[in-house]
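Summary of structural features
For reference, the chains in residue letters:
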Amino acid sequence: GGTVTNPPVVTNPPATNPPVVTNPPPVGGTVTYQAENGTWINAAVETQHAGYTGTGYVNTDNANGNWTQISGVTGTGTATLVVRYANGSSARSASITVNGTSAGSFTFAGTGAWTTWSNSATRTINLTSSSNTIRITATNTAGLPNVDSFTVTTSGGTVTNPPVVTNPPATNPPVTNPPVTNPP
């Protein structure tokens, strides 16, 4: 017999997945914006008082004129704004603006404890552009309450994004060489 050499082992190219599908931002419906993802003046994101949603809440300094805001609020026309907050025992007041235009005011009633959160701060506002900025500004020397989130509901009902597509792990099928037998 002679010498038989197996052909080289075939290697597969690296397997790749198609891009992950991401959801477009919802337009209309009900959307909650976490206050800690917004902007503010004379404030900090804190996690001291339990019961907040997201990664924390915004606590402004105790002073008139301090504010927190969210931007990128989609939709136009009439909307309902709900601010989720905690406020110890004393009422605090604030003005509301949408894109710099007055949209009314809030009186944030005491919630009884800094760990008791309320959705009772509700107002009808008017959204005027495809990307709105909503700001609440303290109108008293106690500042704002601890602000957890802003929920905005526009006509069209609750928006449910389709699920994010996750890619299965990429695998290559194994390649094997057939056995080679030397002739006698």
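Refer to the structure above for everything that follows.
Residues numbered from 1 in each chain as written. Predicted model: local features only at pLDDT ≥ 70, side-chain atom pairs only at ≥ 80, totals over all residues. Heavy atoms only, no water.

**Details of the pairing of strand 10 (residues 132-138)**
Among the seven residues that make up strand 10, five are buried, leaving the element largely enclosed by the rest of the structure. Sheet analysis places strand 5 (residues 67-73) next to strand 10, joined by six bridges and oriented antiparallel. Residue pairing in the sheet places S71 in a bridge with T133 of strand 10. Summarising the sheet, strand 7 (residues 92-98) and strand 10 pair through five bridges and their orientation is antiparallel. (Buried < 20%, exposed > 50% of the residue type's maximum accessible area, 1.4 Å probe, protein only. Helix = DSSP H or I, 4+ residues; strand = E, 2+ residues; numbered from the N terminus. Pairing = 2+ DSSP bridges.)

**Some remarks on the environment of N132**
If you trace the backbone, N132 turns up in strand 10. Placed 56 residues apart in sequence, N132 and T76 show a C-alpha to C-alpha distance of 8.5 Å. Contact partners of N132, with chain neighbours within four places excluded, come to I70, S71, G72, V73, T74, G75, V98, N99 and L127. A distance of 2.9 Å separates a polar side-chain atom of N132 from the backbone oxygen of G75. Engagement of the side chain of N132 in a polar contact is seen with the side chain of N99, the distance being 2.8 Å. (Contact = heavy atoms within 4.5 Å. Polar contact = N/O pair within 3.5 Å; in protein donor to acceptor, adjacent residues only side chain to side chain.)

**Comments concerning the nonpolar core**
Residues L81, V83, F108, I125, I134, I136 and F150 are the most contacted members of the largest nonpolar core, which totals 26 residues. A per-element tally of this core places strand 6 (residues 77-86) first, with four residues. The contacts of F150, once residues within four sequence positions are left out, are V31, T32, Y33, A35, T68, I70, L81, V82, V83, I134 and I136. (Core = buried A, V, L, I, M, F, W, Y, C linked by side-chain atoms within 4.5 Å.)

**Points about the side chain of T68**
Mapped onto the elements of the fold, T68 is located in strand 5. A polar contact is formed between the side chain of T68 and the backbone oxygen of T39, at a distance of 3.4 Å. Those residues in contact with T68, other than ones at most four positions away along the chain, are A35, T39, W40, V58, I134, R135, I136, L144, V147 and F150.

**Topic: the pairing of strand 7**
Side chains R92, A94, I96 and V98 of strand 7 all project onto a buried face; the interleaved residues S93, S95 and T97 project onto a face where none is buried. Direction of pairing for strand 7 relative to strand 8 (residues 101-108): antiparallel, over a ladder of six bridges. Bridge pairing in strand 8 places R92 opposite F108. Count of turn residues in the strand 7/strand 8 antiparallel hairpin: two residues, of which N99 carries a positive phi of about 55°.

**Quick look at the pattern of salt bridges**
Under the criterion given, the structure shown has one salt bridge. Measuring nitrogen to oxygen at the nearest pair gives 2.6 Å for the salt bridge that ties R84 to D148. Pair noted here: R84 is in strand 6 and D148 is in strand 11 (residues 146-154), with a separation of 64 residues, a long-range link. (Salt bridge = Lys/Arg side-chain N within 4 Å of Asp/Glu carboxyl O.)

**Focus on the side chain of R84**
Taking the relative accessible area as the measure of exposure, R84 reaches 17% and is therefore buried. A distance of 3.2 Å separates a polar side-chain atom of R84 from the backbone oxygen of G51. The contacts of R84, once residues within four sequence positions are left out, are G51, Y52, T53, W117, S118, N119, N146, V147, D148 and S149.

**Some details on the sheet that holds strand 5**
With antiparallel pairing, the five strands of this open sheet are ordered in space as 2-5-10-7-8. In this open sheet, the two strands that pair with only one neighbour each are strand 2 (39-41) and strand 8. Strand-to-strand twist across the sheet, computed as the mean angle between neighbouring axes with direction ignored, equals 20°. Note: strand 2 against strand 5, three bridges, orientation antiparallel. What sits directly across from I41, in strand 5, is W67. (Axes fitted to C-alpha atoms, helices over the stretch in contact; angles between N-to-C directions.)

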